[in-house]
Amino acid sequence: MIETHATVERWPTAVPFTIARGTKHFVDVVVVHVRAGEGQGRGEGTPVYYLGQTSGGATAMIDALGDAHIDRATIQTLLPPGAARNAIDCALWDLEAKDEGAPVWAIAGLHPPKPVTTALTISLADPAIMEAAARAVAARPLLKLKLGGDGGDRARVAAVRLGAPGARLIVDANASWGDLDLEAEAAAMAALGVELIEQPVAPGEEALLDGVRACVPFAADESCQSRAELDRCAGRFQVINIKLDKAGGLTEALALRDAAYARGFEVMVGCMLSTSLAIAPAMLVAQGARWVDLDGPLLLANDRQSALQFDDRGRVWPAATSLWG
């Protein structure tokens, strides 16, 4: 019998975090503890707000499980993709690793994880503010820019390029480009050295991408939660952004990665605002991904003591003593 307990923790952001949909000053994460006998596992999930998920709703889902039999296989059918299932799924992986005395990667049949280079996100703002933010982190090799679809995006990217001339750039439109000429915007981004455009149009409006011949690949974020959405992404996106909170845990995220590669997509691995507890499992999915955006803990005022280490050159890796490493 596995006992499950969920709590909500609030973590302030280091600075206001602004995207096309609004500004966040904190994130509420759901932390799940699963216990079997003397063993205990822990996982974290961040509700996917644009899907209408909330921390209260996630904990209610978990509480509603009651005495249901819980394991990684059954949890895939008992809960939908989202933060609640993610937190439980990762906690179950953690519990099994502790019980077996083996790292999670070995249990999952994977190779030992190596350090990856993560993007660092620059919030949506006026060009001068974004330039200053970029200049402060110009030594980082990969920057991700939040854009707004309000006519000022080209100036924003040009300003960041001025502030960080040596950085690779990726941009996230957060579904704000639906009224724009997508081929022209992509061409302008390419001229500024942008190598990836996330979610140019809103989920449900993917048909706007039909026939578009963009010179920069498009990545499906909001348009792809799990394997169920790969069909609607085919021929419209070239990249799938995998997030454990969207997929509903490490189990589905690994399956989604394999399915995306099998269908010819490239892979990006991203995250919600979160602590290192949530990022550690995502490190396993990020191995070999062309783009990695696991900077959630770097955007918080503080991080929990964790099994991850970050350096100022954008690298992230698990500690040698971690069951995730």
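Residues numbered from 1 in each chain as written. Predicted model: local features only at pLDDT ≥ 70, side-chain atom pairs only at ≥ 80, totals over all residues. Heavy atoms only, no water.

## Notes on the pairing of strand β11 (residues 266-269)
In this structure, strand β10 (residues 239-242) lies alongside β11, joined through four bridges in parallel fashion. When the sheet's bridge partners are listed, Ile242 is paired in β11 with Val269. The pairing of β11 with strand β12 (residues 291-292) spans two bridges and is classified as parallel. The residue bridging Met268 from the neighbouring strand is Trp291, located in β12. (Pairing = 2+ DSSP bridges. Helix = DSSP H or I, 4+ residues; strand = E, 2+ residues; numbered from the N terminus.)

## As for the pattern of salt bridges
Here the structure, examined in full by the defined rule, presents 23 salt bridges. Of the charged contacts, one joins Glu131 and Arg135 as a salt bridge, the two residues approaching to 2.6 Å between their closest N and O atoms. With Glu131 and Arg135 both in helix α5 (residues 127-136) and four residues apart, the pair spans about one turn of that helix. Across the pair Asp231 and Arg263 runs a salt bridge, and its minimum N-O distance is 2.6 Å. You can see Asp231 sitting in helix α8 (residues 230-233) and its partner Arg263 sitting in the loop between α10 (250-262) and β11, a full 32 residues away along the chain. For Arg263, a relative accessible area of 43% puts it in the partly exposed group. What you see here is one network of salt bridges that share partners, running through Lys144, Lys146, Asp172, Glu198 and Asp293. (Salt bridge = Lys/Arg side-chain N within 4 Å of Asp/Glu carboxyl O. Buried < 20%, exposed > 50% of the residue type's maximum accessible area, 1.4 Å probe, protein only.)

## A few points about the packing of aromatic side chains
Each aromatic ring pair is specified by the distance between its two centres and by the angle formed by the two planes. Under the defined criterion, the tally for this structure stands at one aromatic pair. Where Tyr49 meets Tyr50, the ring centres are 5.5 Å apart and the plane angle is 80°; that geometry is what we call edge-to-face. Taking NZ or CZ as reference, Arg10 lies 3.7 Å from the ring centre of Phe26, over its face. The ring centre of Trp93 lies 3.5 Å from the NZ or CZ of Arg72, which sits over that ring. (Phe/Tyr/Trp six-rings, centres within 6.5 Å; stacked < 30°, edge-to-face > 60°. Lys NZ or Arg CZ within 6 Å of the ring centre and 35° of its normal.)

## Looking at the layout of surface pockets
Space inside the largest pocket adds up to approximately 390 Å³. What lines the largest pocket is a set of 27 residues, and nearest its centre among them are Phe17, Lys24, Tyr49, Met272 and Leu273. At the level of secondary structure, the elements contributing two or more residues to the lining of the largest pocket comprise β1 (3-19), β2 (22-36) and β6 (142-146). The biggest single contributor to the lining of the largest pocket is β2, with five residues. When its residues are assigned to classes, the lining of the largest pocket shows 11 nonpolar, five polar and 11 charged. Its volume calculated, the second largest pocket comes out at about 330 Å³. Lining the second largest pocket are 18 residues, with Val15, Thr121, Ile122, Ser123 and Ala133 sitting closest to its centre. (1 Å grid on protein atoms, 1.4 Å probe; cavity = no way out; pocket = protein on both sides within 12 Å on 5 of 7 lines; lining within 4 Å. Points joined across faces, edges and corners; volume = space filled by probe spheres on them. Nonpolar A, V, L, I, M, F, W, Y, C, P; charged D, E, K, R; others polar.)

## A look at the sheet that holds strand β7 (residues 168-172)
With parallel pairing, eight strands are arranged side by side in an open sheet as β5-β6-β7-β8-β9-β10-β11-β12. This sheet does not close on itself; its edge strands, each paired only once, are β5 (120-122) and β12. Sheet topology note: the strand β8 (residues 194-198)/strand β9 (residues 218-220) ladder contains two bridges and is parallel. Within the sheet, the bridge partner assigned to Glu198 lies in β9 and is Ala219. In the packing of α10 onto the sheet, the strands contacted are β10 and β11, and the crossing angle to β10 comes to about 175°. (Contact = heavy atoms within 4.5 Å. Axes fitted to C-alpha atoms, helices over the stretch in contact; angles between N-to-C directions.)

## Points about helix α1 (residues 55-64)
By the burial criterion, the buried members of α1 are Ser55, Ala58, Thr59 and Ile62. Burial along α1 is one-sided: seen end-on, the buried residues are contained in an arc of 95°. Of the surrounding secondary structure, the elements contacted by the buried residues of α1 are β1, β2 and α3 (83-100). (Arc of directions from axis to C-beta.)

## Things to note about the environment of Pro203
As for its position among the elements, Pro203 is in the loop between β8 and β9. Through-space distance from the C-alpha of Pro203 to that of Ala175 is 7.4 Å; in sequence the pair is 28 residues apart. Leaving out residues up to four positions away in the same chain, Pro203 has contacts with Ala175, Glu222, Ser223 and Arg232.

## Side note on helix α7 (residues 182-191)
Taken together, the buried positions of α7 are Leu182, Glu185, Ala186, Ala188 and Met189. One side of α7 carries all its buried residues, which in axial view fall inside an arc of 160°. Looking at the packing, one finds that the buried side of α7 touches α6 (153-163), β7, β8 and β9. Its side-chain oxygen placed 3.2 Å from the backbone nitrogen of Glu183, Asp181 serves as the N-cap of α7. Immediately downstream of α7, the backbone of Gly193 shows phi near 85°, a positive value. (Polar contact = N/O pair within 3.5 Å; in protein donor to acceptor, adjacent residues only side chain to side chain.)

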